[in-house]
Amino acid sequence: MADKATWVVLAGGKGTRSKDPSLPKLLQNAGPANILGLLLKSLPTHEELDLVFVLKHGADVVESELSQRAREFPNATFRVLHDAGAGPVAALQTVATLPTHDTLAVVLGDTAISAPLGDYLERYFKLFAGRPAISIRQSDHLHDSNAIALDWQGSGVRHFGKGETIDSSEGTIWGMSGLMFVPSFQLEHLDDREADIATAILKGTPLSQVGFLPISHFFRDSGTPERLESIRAQLEE
């Protein structure tokens, strides 16, 4: 039997830079489906799923769509928590109020995903079980992303925060993507003052103990109109 995880979707942000700021990030149109539809299609629906959505902006609209979509997934449990607006790390920590599996597979709600997420979960358990891990990909907007330098063995040697000058001599540079794996017991050790979850993980865990999982499928940040248009063009080809 495959190892189990609770899938946590963090979708509380307002998306002020989105193409349509009146829509929650999860409901932005990404061509063949909205961001939520793409995510649900990417999840391993052949097995029991435990999903937690942490919502804030437009929560009632998202909950209404979730109640409709839940009928398509008889083997899934959909639960909703509300983000108090204290930042993404605090939003993730609200999950500690629920019974969950020992591993949390965390998805950022503004990431357009078309990928076999179950395969990545299996790879995580095979390579990094019991440790935090962050998905990485080759990015065309490293200046606006968290990035990591990896050595030839695939271990992290340097973290570059958003806007920080990247030194390619440090190693192979990868952008961090919108999927992370966090052991549930580590939630309380994450610093909720950090601006994003990846940074909180990296500052709360020795770099040598963090796994980095290369992504070879479609993972794209949809946070700006330009990126959303690019996503639509690529997915509608």
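Per-chain numbering applies: the sequence of each chain, read as written, is numbered from 1 onward. Reporting in this predicted model follows two pLDDT cut-offs: at least 70 for local features of residues, and 80 or more for side-chain atom pairs to be given and counted; totals over whole chains, interfaces and linings ignore these cut-offs and use all residues. Note that the side-chain values use all heavy atoms of the structure and ignore hydrogens as well as water.

**Overview of the nonpolar core**
Of all hydrophobic cores here, the largest spans 41 residues; its most connected members are W7 and L26. Per-element tally for this core: the top contributor is helix α4 (residues 117-128), with 6 residues. Whether two residues are in contact is decided by their heavy atoms: any pair within 4.5 Å suffices. If near-sequence neighbours (up to four positions away) are discounted, L26 is found in contact with V9, A11, N34, I35, L36, F53, L55, V62 and G109. By size, the runner-up hydrophobic cluster in this structure holds 28 residues, among which are V8, L81, V95 and M180. Joining through side-chain atoms within 4.5 Å is the link that ties buried Ala, Val, Leu, Ile, Met, Phe, Trp, Tyr and Cys residues into a set, and such a set is a nonpolar core. The classification of residues rests on relative accessible area computed with a 1.4 Å probe and restricted to protein chains. Under 20% of the type maximum is buried, over 50% is exposed, and intermediate values are partly exposed. Every helix listed is a DSSP run of H or I at least four residues long, and every strand listed is a run of E at least two residues long, numbered separately from the N terminus.

**Here's the deal with the environment of R131**
Inspection of the secondary structure puts R131 in the loop between α4 and β6 (133-137). The exposure class of R131 is partly exposed, given its relative accessible area of 25%. In sequence terms R131 and P183 are 52 residues apart; their C-alpha atoms lie 6.4 Å from each other. Not counting residues up to four positions away in its chain, the partners in contact with R131 are Y124, F181, P183, S208, Q209, V210 and G211. A polar contact of 3.1 Å, which involves the side chain of R131, links it to the backbone oxygen of Q209. Contacts described as polar in this section are N or O atom pairs within 3.5 Å, which, within protein, must combine one atom able to donate a hydrogen with one able to accept it, while residues neighboring in sequence count only if both atoms come from side chains.

**Focus: the confidence of the model for the protein chain**
Considering every residue of the protein chain, the mean pLDDT works out to 90; 95% of them sit at 70 or more. The pLDDT value expresses, per residue, how confident the predictor is, ranging between 0 and 100. Per-element mean pLDDT across the protein chain ranges from 86 in helix α6 (residues 225-235) up to 97 in strand β4 (residues 103-108).

**Observations concerning the environment of K56**
Here K56 shows up in the loop between β2 (49-55) and α2 (59-69). Judged by relative accessible area, which is 44%, K56 ranks as partly exposed. For the pair K56 and Q153, spaced 97 residues apart in sequence, the C-alpha to C-alpha distance is 40 Å. When residues no more than four places from it in sequence are discounted, the contact partners of K56 are A11, G12, D83, A84 and G85.

**Here we look at the side chain of S42**
By the secondary structure assignment, S42 is in helix α1 (residues 35-42). For S42, a relative accessible area of 8% corresponds to the buried category. Within polar-contact distance, the side chain of S42 engages the backbone oxygen of L38 at 3.0 Å. At 3.2 Å, the side chain of S42 and the backbone oxygen of I113 are in polar contact. Not counting residues within four places of it along the chain, the set of residues in contact with S42 comprises I113, S114, A115, P116, L117 and G118.

**Section: the packing of aromatic side chains**
Think of it this way: a Phe, Tyr or Trp ring, Trp meaning its six-membered ring, pairs with another when their centres are within 6.5 Å, and the plane angle makes it stacked under 30 degrees, edge-to-face over 60, tilted otherwise. Evaluated as defined, the whole model comprises 5 aromatic pairs. With centroids separated by 6.2 Å and ring planes inclined at 45 degrees, the aromatic side chains of F73 and F78 adopt a geometry described as tilted. In textbook terms, an aromatic cluster arises when at least three aromatic residues are bridged by ring pairs, as seen for F53, F73 and F78. Here, over-ring charges are defined by two tests on the NZ atom of lysine or the CZ atom of arginine: distance to the ring centre within 6 Å, and angle to the ring normal within 35 degrees. R220 extends its terminal NZ or CZ atom over the ring of F218, reaching a point 4.7 Å from the ring centre.

**Comments concerning the side chain of T199**
The residue T199 is located in helix α5 (residues 197-204) in this model. Take T199: its relative accessible area is 9%, and that puts it in the buried class. Once you skip the residues sitting within four places of it in the chain, T199 turns out to touch N146, H159 and E194.

**A short note on α2**
Listed in full, the buried residues belonging to α2 are A59, V62, L66 and R69. In a view along the axis of α2, the buried residues occupy a sector of 90 degrees, so they form one face of it. The inward-facing, buried residues of α2 abut α1, β2 and β3 (76-82). Directions are taken from the helix axis to each C-beta atom, and the arc is the one they span.

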